[in-house]
Amino acid sequence: MQIILTIVALLIVLGVVVFVHELGHFLAARWAGVHVNTFSIGFGPAIVKWHDKKGTVWKIACLPLGGYVSIYGQEDMFDRKKYKEMPEDKKKGHYLSAPAWKQFIIIAAGVFMNFVLAWGIYSAMFMFQPKTVQLPVVGQVIQESIAFNAGVKPGDIIVRIDKEKITNWGELIIAKELAANRDANVLIARGNDLITVQLSPAERWGLIADGSKTELRKKGFFGALYSGARETYYQSKTLLVVLKQIVTGERSSKQLGSFITIAEVSGKAMAMGFFALLSIIALLSVNLGVINLLPLPVLDGGYLLILIIEGITRKKLGGKSMEIAIIAGWLFIFALFALTMWNDLARVFGLN
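This report concerns the structure included in the present document. Source: prediction; values computed, not measured. (Residues numbered from 1 in each chain as written. Predicted model: local features only at pLDDT ≥ 70, side-chain atom pairs only at ≥ 80, totals over all residues. Heavy atoms only, no water.)

**Points about the overall build of the protein chain**
Move 1: Scanning the protein chain from terminus to terminus reveals eleven helices and ten strands.
Move 2: Within the span of the protein chain, comprising 352 residues, buried residues form 41% of the whole.
Move 3: The contacts of the protein chain with a sequence gap of at least 6 include a subset with a gap of at least 24, amounting to 65%.
Move 4: Total accessible area on the protein chain stands at roughly 19500 Å², and carbon and sulfur atoms take up 65% of it.
Move 5: Side-chain charges of the protein chain comprise 37 positive and 26 negative groups, with the mean position of each set lying 5 Å from the other. (Helix = DSSP H or I, 4+ residues; strand = E, 2+ residues; numbered from the N terminus. Buried < 20%, exposed > 50% of the residue type's maximum accessible area, 1.4 Å probe, protein only. Contact = heavy atoms within 4.5 Å. Areas by Shrake-Rupley, 256 points an atom, 1.4 Å probe, with all protein chains shown as cover. Lys, Arg positive; Asp, Glu negative; His and termini not counted. Charge placed at Lys NZ, Arg CZ, Asp CG, Glu CD.)

**Comments concerning the packing of helix H8 (residues 259-272) against helix H9 (residues 274-292)**
Move 1: Here H8 crosses H9 at 150°, and the two axes come no closer than 7 Å. By the angle class used here, H8 and H9 are roughly antiparallel. Taken together, the residues of H9 that come into contact with H8 (itself represented by Ile 262, Val 265, Ser 266, Ala 269, Met 270 and Met 272) are Ala 276, Leu 277, Ile 280 and Leu 284. (Axes fitted to C-alpha atoms, helices over the stretch in contact; angles between N-to-C directions. Parallel < 35°, antiparallel > 145°, perpendicular 65-115°, else oblique.)

**Examining the sheet that holds strand E8 (residues 193-199)**
Move 1: Ordered in space as E6-E5-E7-E8, the four strands form an open sheet in which the pairing is antiparallel. The two strands at the open ends of the sheet, each matched to only one other strand, are strand E6 (164-165) and E8.
Move 2: Judged from the four bridges that link them, strand E5 (residues 157-161) and strand E7 (residues 184-190) form a sheet pairing that is antiparallel. Each residue of the ladder has a partner; that of Ile 157, found in E7, is Ala 189. (Pairing = 2+ DSSP bridges.)

**What to know about the packing of aromatic side chains**
Here the distance between the centres and the angle between the planes together describe a pair of aromatic rings.
Move 1: This structure, assessed with the given rule, holds nine aromatic pairs.
Move 2: Ring centres of Phe 26 and Phe 39 lie 5.7 Å apart, and the angle between their planes is 75°; this geometry places the pair in the edge-to-face category. A residue pair is termed long-range when its members are at least 10 positions apart, and Phe 26 in helix H1 (residues 2-31) and Phe 39 in strand E1 (residues 36-51) qualify at 13 residues.
Move 3: For Phe 39, a relative accessible area of 1% translates into the label buried. (Phe/Tyr/Trp six-rings, centres within 6.5 Å; stacked < 30°, edge-to-face > 60°.)

**Some thoughts on the packing of helix H4 (residues 100-128) against helix H10 (residues 300-313)**
Move 1: Between H4 and H10, the shortest axis-to-axis distance is 9 Å and the interhelical angle comes to 160°. In terms of axis orientation, H4 runs roughly antiparallel to H10. Considering only the axes of H4 and H10, their crossing is left-handed. Packed against H4, whose contacting residues are Ala 100, Gln 103, Phe 104, Ile 107, Ala 108 and Val 111, the element H10 presents Asp 300, Tyr 303, Leu 304, Leu 307 and Ile 308 at the interface.
Move 2: Here the residues of the contact of H4 with H10 sort into nine nonpolar, one polar and one charged. (Left-handed = near helix turned anticlockwise from the far one by under 90°. Nonpolar A, V, L, I, M, F, W, Y, C, P; charged D, E, K, R; others polar.)

**What about unusual backbone geometry?**
Move 1: Positive phi values are uncommon outside glycine, yet Asp 162 reaches one of about 55°.
Move 2: Of note, Asp 162 is situated in the loop between E5 and E6.
Move 3: At Arg 314, a position not held by glycine, the phi torsion is positive, near 60°.
Move 4: Take Arg 314: it is sitting in the loop between H10 and helix H11 (319-348).

**Side note on the pattern of salt bridges**
Move 1: Scanning all chains against the criterion turns up eight salt bridges.
Move 2: Ionic pairing is found between Glu 88 and Lys 91, a salt bridge with its closest N-O pair at 3.4 Å. Of the two residues, Glu 88 and Lys 91 both sit in helix H3 (residues 88-91), three residues apart, roughly one turn of that helix.
Move 3: Residues Arg 230 and Glu 171 are paired through a salt bridge, measuring 2.9 Å at the closest nitrogen-oxygen approach. Of the two residues, Arg 230 sits in helix H7 (residues 221-247) while Glu 171 sits in helix H6 (residues 169-178), which places them 59 residues apart along the sequence.
Move 4: The exposure class of Arg 230 is partly exposed, given its relative accessible area of 23%. (Salt bridge = Lys/Arg side-chain N within 4 Å of Asp/Glu carboxyl O.)

Right under this line is the structure:
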């Protein structure tokens with residue numbers, strides 16, 4: 001039963017996130033007058049497919065671990081000679097028939113929709129799910145810990161860590177993670193005084209929350225929209241910092257997980273209830289948006305960078321060097337997929 005629940009949760013989470021991302025590309029292309037050949041949820045042979053009035057093939061494929069939108073002529077963006085030699089009737093609805101700024105919107109729309117989805121979910125959760133939060137009040141400071149030696153005392157309220165405003169203990173934990181491997185400037189409220197202490201990087205600072213200091217929070221409409229945007233920004237920033245730390249060796253790449261991790265987390269969330277599952281969808285949507293903005297030639301961010309460079313230099317990129325860059329990008333993606341799969345399989349079968 002748990003396996004079935006996990007599989008269903010994975011299909012729901014990936015299905016929603018991928019559909020919204022590809023829907024962004026689709027709607028932008030339609031708006032720009034560019035024809036969309038195919039809108040597919042999943043890869044491989046189609047289980048179900050149909051055609052709409054404008055000739056787009058919609059399908060649900062047998063391997064539902066992603067999806068794609070096939071835009072007419074997008075593969076010709078580095079072979080403009082082919083486009084120029086086309087008969088005029090074939091150029092109608094072609095990707096290259098749209099001006100560069102519309103091409104930019106078509107590519108950026110997928111990521112944009114992922115952030116909008118996350119913002120909407122987080123906002124709805126702040127509005128409709130009142131929750132008790134642990135306030136950032138120190139209940140105990142472990143003897144001879146980093147915080148103890150820095151002068152932190154029970155009853156202190158953590159106001160800010162570096163530039164991050166702290167309103168609950170969960171934000172404190174995330175901000176500490178963002179400050180990993182460097183000293184953090186921590187602003188503390190003690191009575192009527194504000195005190196700044198510097199806490200060195202470590203696994204633990206030695207702070208324990210005051211369990212009696214909690215607050216029931218529910219946001220109004222505009223407050224929920226603001227908090228939803230803040231949460232989306234916060235999760236995006238956290239992922240970027242984590243990726244940077246993995247690249248620089250400050251974190252282990254073993255923390256990266258594949259769809260197996262997504263399935264496990266989604267299954268647990270689904271068992272916990274509707275809002276928990278929504279939270280995972282929002283988090284994965286943020287992750288997909290951020291990762292797609294990375295400047296790799298096979299990702300949206302790479303194509304956006306190419307359009308920006310072309311706009312600045314007034315020269316069209318292409319040729320053998322671009323082909324090599326795209327191949328290198330795909331190799332990187334496959335290597336990352338292999339790494340995340342190995343991490344999950346090693347964890348599941350105890351091979352670490």
